[in-house]
Amino acid sequence: MRIVTFVKYVPDAAGDRTFESDNTVDRSVDGLLSELDEYAVEEALKIADGDKKGTEVIALTVGPDDAVDAVRKSLQMGANKGVHICDDSLEASCAVGTAKTLAAAVKVVEEEEGPVDLIITGLSSTDGAMSVVPVMVAELLGRPAATQASHLEVSGGVAKIRRDGDTASQYVEVPLPALVSVTDQINEPRYPSFKGIMAAKRKPLDEYDIEELGLDAGEVGTAGATTEVVTLTERPPRTAGEVITDEGEGGNQLVEWLASKKLV
């Protein structure tokens, strides 16, 4: 069995995230593997751990040079191989361009490694937070998608997921090959061990540009973008709160304040 996990290198949420002059995300700041993608890697590794016949886990990323760190983290966790799609033409790709690139990359993996039985992704990236790329990739590859999985079982050529809602759970089954996106409720990602960190240095990591994927520069990046950020507004600085001094009417004043903010 072969599983591909999509992993993304994103700006560190704990740092100062900024934008370029063209309203695209500034990716020159410190980054890391998207937290939500760690759950996808862990789920793939859990399946591999329980497969006595052997499952290969491939971590695949699209991004600039530093994006390879997302793959390296996945290899340290236990993935068998990494794939990095790196090309200047990919800069500022929208969701459609990213999906086209990922789908083309999966096809190249299949040509060189063999059939990909399962693609596992996170719920969304922590920078874009759009949650649309997984189903776009499934559509481009002509594969069924089971999304927002809180639990996943794979057996007998079928992927079975449980999707938990606010009041009920849904159970969905899709035949392999398929794509599954998972939530942060599905598992607890493992920390890379010292042994895993050392082993990752010897694991294969392939790099491709868009020409090797069979894509044209006009399909991705700014040239192929179907969406554009027109304006940006910085979040206003936090202001001092309004103090209510209770001199017998504090309760009424609080209710009046809440009502003025349409909170009651």
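The structure presented is a predicted model; accordingly, all values stated were derived computationally and were not measured.

1. Comments concerning the overall build of the protein chain
Point 1. Scanning the protein chain from terminus to terminus reveals eight helices and twelve strands.
Point 2. In terms of principal-axis extent, the alpha carbons of the protein chain reach across some 75 × 45 × 40 Å.
Point 3. Put simply, of all contacts in the protein chain between residues at least 6 apart along the chain, 70% involve residues at least 24 apart.
Point 4. When the accessible surface of the protein chain is summed, it comes to about 15,200 Å², and 48% of that surface belongs to carbon and sulfur atoms.
Point 5. Here the protein chain holds 25 positive side-chain charges and 47 negative ones, and the gap between their average locations is 8 Å.

2. Quick word on the packing of helix α1 (residues 35–49) against helix α2 (residues 68–77)
Two quantities define a packed helix pair, namely the angle between the axes and the distance from one axis to the other.
Point 1. As a packed pair, α1 and α2 sit with axes 10 Å apart at the nearest point and diverge in direction by 35°. As α1 runs across α2, the sense of the crossing is right-handed. Taking contact as the criterion, the partners of E38, V41, E42 and L45 in α1 are, on α2, K73, S74 and M77.
Point 2. Its residues placed into classes, the contact of α1 with α2 shows three nonpolar, one polar and three charged.

3. Quick word on helix α3 (residues 95–113)
Point 1. Counted at 1.5 Å a residue, the expected span for α3 with its 19 residues is 27 Å, and the 26 Å between its end C-alpha atoms agrees.
Point 2. Residues of α3 that are buried: A95, G97, A99, T101, L102, A103, A104, A105, V106, V108 and V109.
Point 3. Where α3 terminates, the next one or two residues include G114, which has phi positive at roughly 120°.

4. With respect to the packing of α3 against helix α4 (residues 133–141)
Point 1. Contact geometry of α3 with α4 gives a least axis separation of 9 Å together with a crossing angle of 50°. Overall, the two elements α3 and α4 adopt an arrangement that is oblique. Judged by the twist between their axes, the crossing of α3 over α4 is right-handed. Of the residues in α4, those in contact with A95, V96, T98, A99, K100, L102, A103, V106 and K107 of α3 are V133, M136, V137, L140 and L141.
Point 2. Grouping the amino acids of the contact of α3 with α4 by side-chain chemistry returns eleven nonpolar, one polar and two charged.

5. Things to note about the nonpolar core
Point 1. Among the nonpolar cores identified, the biggest contains 33 residues, and V7, I120, L152, V180 and V182 are the most heavily contacted of them.
Point 2. The biggest single contributor to this core is α1, with eight residues.
Point 3. With residues up to four places along the chain from it excluded, the contact list for V7 reads L33, D37, V41, A59, L60, T61, V62, A70, V71 and S74.
Point 4. With 26 residues, the next largest nonpolar core counts L60, L90, V108 and V220 among its residues.

6. Quick look at the pattern of salt bridges
Point 1. Within this structure, the stated rule accounts for eleven salt bridges.
Point 2. Linking K81 and D206 is a salt bridge whose minimum nitrogen-to-oxygen distance equals 2.8 Å. Of this pair, K81 sits in strand β5 (residues 81–85) while D206 sits in strand β12 (residues 205–208), placing them 125 residues apart in sequence.
Point 3. The residue R162 makes a salt bridge to D164 at a minimum N-O spacing of 2.8 Å.
Point 4. Judged by relative accessible area, R162 falls into the partly exposed class, the value being 24%.
Point 5. Since its relative accessible area comes to 37%, D164 is described here as partly exposed.
Point 6. Look at the salt bridges and you will find they share partners, linking E42, D49 and R190 into a network.

Cut-offs applied
- Residues numbered from 1 in each chain as written.
- Predicted model: local features only at pLDDT ≥ 70, side-chain atom pairs only at ≥ 80, totals over all residues.
- Heavy atoms only, no water.
- Helix = DSSP H or I, 4+ residues; strand = E, 2+ residues; numbered from the N terminus.
- Contact = heavy atoms within 4.5 Å.
- Areas by Shrake-Rupley, 256 points an atom, 1.4 Å probe, with all protein chains shown as cover.
- Lys, Arg positive; Asp, Glu negative; His and termini not counted.
- Charge placed at Lys NZ, Arg CZ, Asp CG, Glu CD.
- Axes fitted to C-alpha atoms, helices over the stretch in contact; angles between N-to-C directions.
- Left-handed = near helix turned anticlockwise from the far one by under 90°.
- Nonpolar A, V, L, I, M, F, W, Y, C, P; charged D, E, K, R; others polar.
- Expected span 1.5 Å × (residues − 1).
- Buried < 20%, exposed > 50% of the residue type's maximum accessible area, 1.4 Å probe, protein only.
- Parallel < 35°, antiparallel > 145°, perpendicular 65-115°, else oblique.
- Core = buried A, V, L, I, M, F, W, Y, C linked by side-chain atoms within 4.5 Å.
- Salt bridge = Lys/Arg side-chain N within 4 Å of Asp/Glu carboxyl O.

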